[in-house]
Amino acid sequence: MPGLNYIYTTAVGSDTMLPWIHPHLAQSVDPNKGRKLQASKPIQRGEVLLLDPPYAIIPTPTATVDADAESADSATPVLLCSNPLCNLSLPRGTGTPCANRCSTDVIWCNETCHEADKPRHDFECTWLAKYSTPLRTKWGEYSFGMLWLIVRLLARRHAEGQDSNDSNGSSNGTSHTNGTTTDSTTSTSSTSIQTHTSKFKAGWPAISSLCGTPETWSHAQTREWTVLVKKYLGKTSLPHDLSNADVLGLICKEEANSFGLYPRETGVYPPPPVKEEHVGRGEQFGAAVYPCASIANHSCCPNIIHKPDKTARMVFTAGRDIAAGEECCISYFDMTQYVSLSERRAHLSGLFRFKCGCPRCTEEDTNVDGNVEGGEEGMGWGGEGFLGFE
Ligand SMILES: C[S@@+](CC[C@H](N)C(=O)[O-])C[C@H]1O[C@@H](n2cnc3c(N)ncnc32)[C@H](O)[C@@H]1O
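Since this is a predicted model, take the numbers as computed values, not measurements. (Residues numbered from 1 in each chain as written. Predicted model: local features only at pLDDT ≥ 70, side-chain atom pairs only at ≥ 80, totals over all residues. Heavy atoms only, no water.)

1. Quick word on the overall build of the protein
Here's step 1: When helices and strands are tallied, the protein shows seven helices and 16 strands.
Here's step 2: By residue count, 53% of the 390 residues in the protein fall in the buried class.
Here's step 3: Once local pairs closer than 6 in sequence are excluded, the contacts in the protein between residues at least 24 apart make up 71%.
Here's step 4: On the protein, roughly 16200 Å² of surface is accessible, and the fraction owed to carbon and sulfur atoms is 53%. (Helix = DSSP H or I, 4+ residues; strand = E, 2+ residues; numbered from the N terminus. Buried < 20%, exposed > 50% of the residue type's maximum accessible area, 1.4 Å probe, protein only. Contact = heavy atoms within 4.5 Å. Areas by Shrake-Rupley, 256 points an atom, 1.4 Å probe, with all protein chains shown as cover.)

Rendered as structure tokens:
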């Protein structure tokens, strides 16, 4: 948003890869939408609400840096440093490649990042060398990206030492808020507001608690994913201890919760006129799964703007003043691309399988029909694969 100055309410560590959560950002449960983010006290426009490092991230193989992106020329092919504690964009052909040449999409900034990432990358190295090309050729770029993101989720879990723990994620997770470490085992199933001191899950337990199950997708879709799991993600292909059913469940979570990464902001409301130059978010450069950002629901008149920073942390900023008790929502799509109510509805039901009942949809619906049709009910996920909020 032009003129929006980001306000950090406390010293936000820029060099840390721990999540930072605004003290007034809480989570609770909506009977129709599931978990949601909510303001426990007023939040001012421009305040940073969340800095959430990715749990797993992949580059878009064909990405070029957008003209407005920081740090590089336009149209330069880029990759991301594979160290998940770094994630900096690097021009293709620079940096340190894998000594095994497992994939041309894997590079690190330097030897330090390479060394730091060894336990995680060792998990994926043989898999990438064996399957990247056949997967891309036979199943296409989308399926390859989806499976690679799953492999990276499993690799991070492996590096966290979760393999020997309960695969359902019942082990402890921690989150850090304002520099304080808090345990995060409290259930979120109550309807009361859970403030930041009563925890957001972190690490693998946060990923385990993401929404999305096989039942919410079509049979055709889950059948295809089951084939992919058996062929490419089983225990004979990767050193993990999950059953094929658990891995299928992880795909369902990833498809319902991953973010597409774009160089410019998503969720500026009202959206700038379509004719303006540089409207839209630019070209997608990656996809990632975030432990806390995934709790945000969608609204067509969002009060949160989101954008990844240079290290791919997802940054949530208040797009307007938010009152105590208000839900904090992002937009799941580029609102300059889907403008009218019918375009937004078609897009949401096609890709996201729910009907938005936000105040904007309700008002526009009333204006069109003279009566209100927009409900608050979620429709669940029904069968479209989706790698990242569009
Ligand atoms: C990224 S998750 C958001 C957090 C989720 N509510 C949870 O319980 O973890 C996306 C899912 O939330 C639900 N959702 C998000 N926005 C919604 C909305 N405006 N109306 C109904 N359901 C919504 C849908 O089920 C969607 O699949």
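Having put the structure on the table, let's press on.
2. Quick look at the pattern of salt bridges
Here's step 1: Evaluated as defined, the whole model comprises 14 salt bridges.
Here's step 2: For D105, the salt bridge is made with R136, and the minimal N-O distance between the two is 2.7 Å. Pair noted here: D105 is in the loop between strand 8 (96-97) and strand 9 (107-108) and R136 is in helix 2 (residues 118-159), with a separation of 31 residues, a long-range link.
Here's step 3: Between R157 and D241 there is a salt bridge, with its nearest N and O atoms 3.2 Å apart. Here R157 is found in helix 2, whereas its partner D241 is found in the loop between helix 4 (219-233) and helix 5 (244-257), with 84 residues between them in sequence. (Salt bridge = Lys/Arg side-chain N within 4 Å of Asp/Glu carboxyl O.)

3. Notes on the packing of aromatic side chains
Here's step 1: Counted according to the given criterion, the structure contains nine aromatic pairs.
Here's step 2: Through successive ring pairs, a cluster of aromatic residues spans W127, Y131, F144, W148 and Y232.
Here's step 3: Sitting over the face of the ring of W204, R157 holds its NZ or CZ atom 5.1 Å from the ring centroid.
Here's step 4: Here R281 stacks its cationic end above the ring of Y262, 3.8 Å away from the centre of that ring. (Phe/Tyr/Trp six-rings, centres within 6.5 Å; stacked < 30°, edge-to-face > 60°. Lys NZ or Arg CZ within 6 Å of the ring centre and 35° of its normal.)

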